Protein chains: 2
Amino acid sequence: MADRAPADRQKAVGEIGLLEALATTRAIRRYTNDPVSDADLEQILWHAGRAPSGSNRQPFRFLTLRNGQNARAAKSLLGQSFRDGWNDKRAGTEGERPYRPSSFVDSMRHFVDHFEAIPVVILVCLERYRDPSPFEGASVYPACQNLLLAARALGYGGALTMWHLGVEDELRLMLGIPDSAALSACITLGVPAGRHGPLKRKPVGEIVFDDEWGTSPSWIAPA
Amino acid sequence: MADRAPADRQKAVGEIGLLEALATTRAIRRYTNDPVSDADLEQILWHAGRAPSGSNRQPFRFLTLRNGQNARAAKSLLGQSFRDGWNDKRAGTEGERPYRPSSFVDSMRHFVDHFEAIPVVILVCLERYRDPSPFEGASVYPACQNLLLAARALGYGGALTMWHLGVEDELRLMLGIPDSAALSACITLGVPAGRHGPLKRKPVGEIVFDDEWGTSPSWIAPA
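Describing the packing of helix 3 (residues 38-48) of chain B against helix 6 (residues 141-153) of chain B
Residue and element names in this part refer to chain B. It is at 7 Å that the axes of helix 3 and helix 6 come closest, and there the two elements cross at 145°. By crossing handedness, the relation of helix 3 to helix 6 is classed as right-handed. Two secondary-structure elements touch here, helix 3 through Gln 43, Ile 44, Leu 45, His 47 and Ala 48 and helix 6 through Ala 143, Asn 146, Leu 147, Ala 150 and Ala 151. Broken down by class, the residue content of the contact of helix 3 with helix 6 amounts to 7 nonpolar, 3 polar and no charged.

Structure follows, in structure tokens:
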């Protein structure tokens, strides 16, 4: 199992090409009531674990919240934190401008209002072996991206979020998460519902510099 | 351009499936002398920029070091830092055990000894909009993973490394990188040389917990 995808299902279902997936995978925040099957969740997490990490220590851990007793309590706690987080953000209390009505605002409202019904919530943790650092994410967020891409391959969608941090202490108590593990991300997963628009990204020429900071590459055409 | 891959080359070259790529993409540290073409590098960086980031701020910046004047000087500086870093690590001076001879040790030796000849070195930076945090990597390392996966799709290989931090101050001066930008990663890119073994990873059952920390999921078979 360590070197093969579980159940050899990958050939059958993984029809999407790599570049197309990288180009089009976006945050999904509306889900149908369909579950994520055991086999698919195992596949998704197996592929997440193939990501690189510093010295190949693989310090990432995936704590899944589905339908268990703790999961229900944790989802309820998280749901309130997500609603508080979104209400603050929407109102602009994080030092940002308030959001105006938009499909994004509708999607966020639906996301936080229906948090408890999300089929799978995954707390992605990092077993620390040194002091906290802005660079430790190099050993956990590539695995998060692999997770979201693998979900896409199997017909699911998800979002990487940070509002679990508002209830971190309560989550640690409730789920027995040791102090040695950072709560690096909270990823939601389910079957996408409704239509989802295209990604909105800056032109590549605006995020690439060549040979020195601030110099646009001659080899990228202006947008 | 913002919503389409450059030059529409992706259909022609992106034949590898998503799940296969996630399962098998590994760090590549030996390269041929073949260059990375302008068009391919643009493709790779375009796909990197499709990654998610907090509030879709897209704070990632890619500073490419190829054959320019600054690039040559920076690669020389980095090469020495990488050699120092590897010598320390191999000797066990980071509080770890010394490495015994292995193909990994050979590969690392080759990597650092030939650093200056690596076709493309990319300093991945994060334009900070708040204080440094262990969680800021959520907005830059998914893009790094997209970058490495897109490189794979186009026949290249790379490695995400951290030994640039040993010469961070000199790099900032040399390349004009402002204090507001974190130097989050140093990624090497080139055409893979020689044979590369399979990924070595823990069984998925060892990195997944269900409903509480430490509880293995009933829905994953033991390795």
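After that view of the structure, there is still more to cover.
Remarks on the sheet that holds strand 4 (residues 181-190) of chain A
Pairing in this open sheet of 5 strands is mixed, and the strands run 3(A)-4(A)-2(A)-1(A)-5(B) from one edge to the other. With partners counted over all chains shown, the strands left at the sheet margins are strand 3 (157-161) of chain A together with strand 5 (208-210) of chain B, one partner each. Taken over all neighbouring pairs, the strand axes of this sheet differ in orientation by 25° on average, direction set aside. Sheet topology note: the strand 3 of chain A/strand 4 of chain A ladder contains 5 bridges and is antiparallel. By the bridge assignment, A:Ala159 is partnered in strand 4 of chain A with A:Thr188. Relative to the sheet, helix 6 (residues 141-153) of chain A contacts strand 1 (60-65), strand 2 (120-127), strand 3 and strand 4 of chain A, its axis offset from that of strand 3 of chain A by approximately 160°.

A short note on the environment of A:Thr215
Residue and element names in this part refer to chain A. Take Thr 215: it is sitting in the segment after strand 5 (208-210). It is 9.9 Å that separates the C-alpha atoms of Thr 215 and Gly 205, two residues lying 10 residues apart in sequence. Ignoring sequence-local partners within four residues, the contact set of Thr 215 consists of Phe 209 and Asp 210.

Topic: the sheet that holds strand 1 (residues 60-65) of chain B
Spatially, 5(A)-1(B)-2(B)-4(B)-3(B) is the arrangement adopted by the 5 strands of the open sheet, whose pairing is mixed. Edge positions in the sheet fall to strand 5 of chain A together with strand 3 (157-161) of chain B, since each of these pairs with one other strand and no more. In this sheet, adjacent strand axes meet at a mean angle of 25° when their direction is disregarded. Across 6 bridges, the pairing between strand 1 of chain B and strand 2 (residues 120-127) of chain B is antiparallel. Bridge pairing in strand 2 of chain B places B:Leu63 opposite B:Leu123.

Some details on the interface of chain A and chain B
Between chain A and chain B, the contact holds 80 residues from the first and 79 residues from the second. Elements supplying a minimum of two residues to the side of chain A that touches chain B: helix 2 (18-24), helix 3 (38-48), strand 1, helix 4 (69-91), helix 6, strand 4 and strand 5 of chain A. Here the side of chain A that touches chain B takes 8 residues from helix 6 of chain A, the largest share from any one element. Across the side of chain A that touches chain B, the residue classes break down as 48 nonpolar, 18 polar and 14 charged.

Quick look at the pairing of strand 2 of chain B
Residues and elements named next belong to chain B. Across the 8 residues that make up strand 2, a large majority, 7, are buried. Pairing geometry for strand 2 and strand 4 (residues 181-190), over 8 bridges, is antiparallel. Along strand 4, the bridge assignment pairs Cys 125 with Leu 183.

Looking at the packing of helix 4 of chain A against helix 7 (residues 168-175) of chain A
Residue and element names in this part refer to chain A. At a minimum axis separation of 10 Å, helix 4 and helix 7 run at an interaxial angle of 175°. Taken together, helix 4 and helix 7 sit at an angle that is classed as roughly antiparallel. For the pair helix 4 and helix 7, contact is made by Asn 70, Ala 73, Ala 74 and Leu 77 and by Glu 170, Leu 171, Met 174 and Leu 175, respectively. Each residue belonging to the contact of helix 4 with helix 7 can be placed in one class, and the counts come to 6 nonpolar, 1 polar and 1 charged.

Notes on the confidence of the model for chain A
Residue and element names in this part refer to chain A. Confidence in the prediction for chain A averages 93 pLDDT; 93% of positions are at 70 or higher. Note on residues 8-12: pLDDT under 50 across the span, and 6 contacts to partners over four residues away in sequence or across chains. Taken over the whole predicted complex, pTM reads 0.94, whereas the ipTM for its chain interfaces reads 0.94.

Focus on the relation of the copies chain A and chain B
Between chain A and chain B, the superposition needs a rotation of 180° and an axial shift of 0.0 Å, giving an RMSD of 0.0 Å. When the rotation and shift are considered jointly, the pair of chain copies conforms to a two-fold rotation axis. Comparing contact sets, 99% of the residues at the interface of chain A also lie at the interface in chain B, consistent with an isologous, same-surface contact.

Analysis parameters
- Residues numbered from 1 in each chain as written.
- Chains lettered and ligands numbered in written order.
- Predicted model: local features only at pLDDT ≥ 70, side-chain atom pairs only at ≥ 80, totals over all residues.
- Axes fitted to C-alpha atoms, helices over the stretch in contact; angles between N-to-C directions.
- Helix = DSSP H or I, 4+ residues; strand = E, 2+ residues; numbered from the N terminus.
- Left-handed = near helix turned anticlockwise from the far one by under 90°.
- Contact = placed C-beta atoms within 7 Å.
- Nonpolar A, V, L, I, M, F, W, Y, C, P; charged D, E, K, R; others polar.
- Pairing = 2+ DSSP bridges.
- Buried ≥ 20, exposed ≤ 12 C-beta atoms within 10 Å, placed from the backbone.
- Parallel < 35°, antiparallel > 145°, perpendicular 65-115°, else oblique.
- pLDDT = per-residue confidence, 0-100.
- Least-squares fit on C-alpha atoms with pLDDT ≥ 70 in both.

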